[in-house]
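Each chain, letter by letter, is given below.
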Amino acid sequence: MSIWWSLQLRREAASVPLARRLLLGAMETAGVDGDISHELSVALSEACANAVQHGGGVSEVYRVTASIYGDMCRIEVTDCGPGFPHGRQARPAAPESPELLPGGRGLLLIEALADRVRFGNQPGSGGAVVTFDKILKWRADAALLKAS
């Protein structure tokens, strides 16, 4: 099974649950295990919240693209903000005591929930790109969904 979708969303808080619900609906339709779906939806919510908060600049929108190919889901969130600081296109540094900080745990949470994460900037124009992959597990009834 293969599913692909892309959204261009306004940089406002109401867009985050919209993206999350769309992803959960796609996961349900595909027969993805509920725990995996939940983990992906939390990671997506964090990436979208970061785009809403930090993705300003010339555009008031950000983009979410998600795909399921075989047993892998890939999600990419791209904004038009300043991007990650120069040279910081790899794993963000974990603070000494992240639980004491009032925010800034979103990227660490995405890393904890996904199997592979890449942080980068759009070539030339700036803007952050957060891409994460998750190996999928299927519900017991997923075989019935795939057969129909």
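The preceding data block contains the structure.
Fair warning: this is a prediction, and the values are worked out from it, not measured in the lab.

Peer 1: Whenever I open this one, helix α2 (residues 34-54) confuses me. Can you help?
Peer 2: An α-helical segment advances 3.6 residues per turn. Residues three or four places apart therefore align on the same side. A rise of 1.5 Å per residue sets the reference length of α2, with its 21 residues, at 30 Å; its end C-alpha atoms lie 30 Å apart and thus fit the reference within 8%. Within α2, burial applies to I36, S37, L40, S41, V42, A43, L44, S45, A47, C48, A51 and V52. Those residues of α2 that are buried lie in contact with α1 (15-30), β2 (61-69), β3 (72-78), α3 (106-113) and β5 (128-135). The backbone nitrogen of D35 lies 3.0 Å from a side-chain oxygen of the residue at the head of α2, namely D33.

Peer 1: How should the packing of aromatic side chains be read in this particular structure?
Peer 2: Describing an aromatic ring pair means giving the distance of the ring centres and the angle of the ring planes. One pass over the full model with this rule turns up one aromatic pair. With centroids separated by 5.7 Å and ring planes inclined at 70°, the aromatic side chains of F84 and F119 adopt a geometry described as edge-to-face. With F84 in the loop between β3 and α3 and F119 in strand β4 (residues 116-121), this residue pair connects regions lying 35 residues apart in the sequence. Given the relative accessible area of 12%, F84 is considered buried.

Peer 1: It is not clear to me how the nonpolar core should be interpreted in this structure. Could you clarify?
Peer 2: Inside soluble globular proteins, nonpolar side chains tend to come together where they are buried. Membership of the largest hydrophobic core comes to 36 residues, with the highest contact counts inside it found for L40, L44, Y62, I75, V77 and F132. When residues of this core are traced back to their parent elements, those giving at least two are β1 (2-10), α1, α2, β2, β3, α3 and β5. Here the element with the most residues in this core is α2; it accounts for nine residues.

Peer 1: Can you walk me through α1 in this structure?
Peer 2: Between its first and last C-alpha, α1 extends 23 Å over 16 residues, near the 22 Å set by a 1.5 Å rise per residue. Among all positions of α1, only S15, V16, A19, L23, A26, M27 and A30 are buried. Projected down its long axis, α1 carries its buried residues within an arc of 110°, all on one side. α1 presents R21 and T29 as exposed residues on the side facing more than 90 degrees away from its buried surface. G31 sits one or two positions beyond α1 and adopts a positive phi of about 90°.

Peer 1: Could you clarify how one ought to interpret the sheet that holds β3 in this entry?
Peer 2: Strand pairing in a sheet is mediated by backbone hydrogen bonds. Such pairs are either parallel or antiparallel. With antiparallel pairing, five strands are arranged side by side in an open sheet as β1-β2-β3-β5-β4. Whereas interior strands pair on both sides, the edge strands pair on one side only; in this sheet they are β1 and β4. Neighbour-to-neighbour, the strand axes of the sheet open up by a mean angle of 10°, direction not taken into account. Here β3 runs beside β5; their pairing, made up of seven bridges, is antiparallel. In the strand pairing of β5, T78 is matched with V129. Against the sheet, α1 engages β1, β2 and β3, with an angle of about 170° to β1.

How each quantity is defined
Residues numbered from 1 in each chain as written. Predicted model: local features only at pLDDT ≥ 70, side-chain atom pairs only at ≥ 80, totals over all residues. Heavy atoms only, no water. Helix = DSSP H or I, 4+ residues; strand = E, 2+ residues; numbered from the N terminus. Expected span 1.5 Å × (residues − 1). Buried < 20%, exposed > 50% of the residue type's maximum accessible area, 1.4 Å probe, protein only. Contact = heavy atoms within 4.5 Å. Polar contact = N/O pair within 3.5 Å; in protein donor to acceptor, adjacent residues only side chain to side chain. Phe/Tyr/Trp six-rings, centres within 6.5 Å; stacked < 30°, edge-to-face > 60°. Core = buried A, V, L, I, M, F, W, Y, C linked by side-chain atoms within 4.5 Å. Arc of directions from axis to C-beta. Pairing = 2+ DSSP bridges. Axes fitted to C-alpha atoms, helices over the stretch in contact; angles between N-to-C directions.

It is worth stressing that arrangement in space is one thing and function is another; only the former is reported here.
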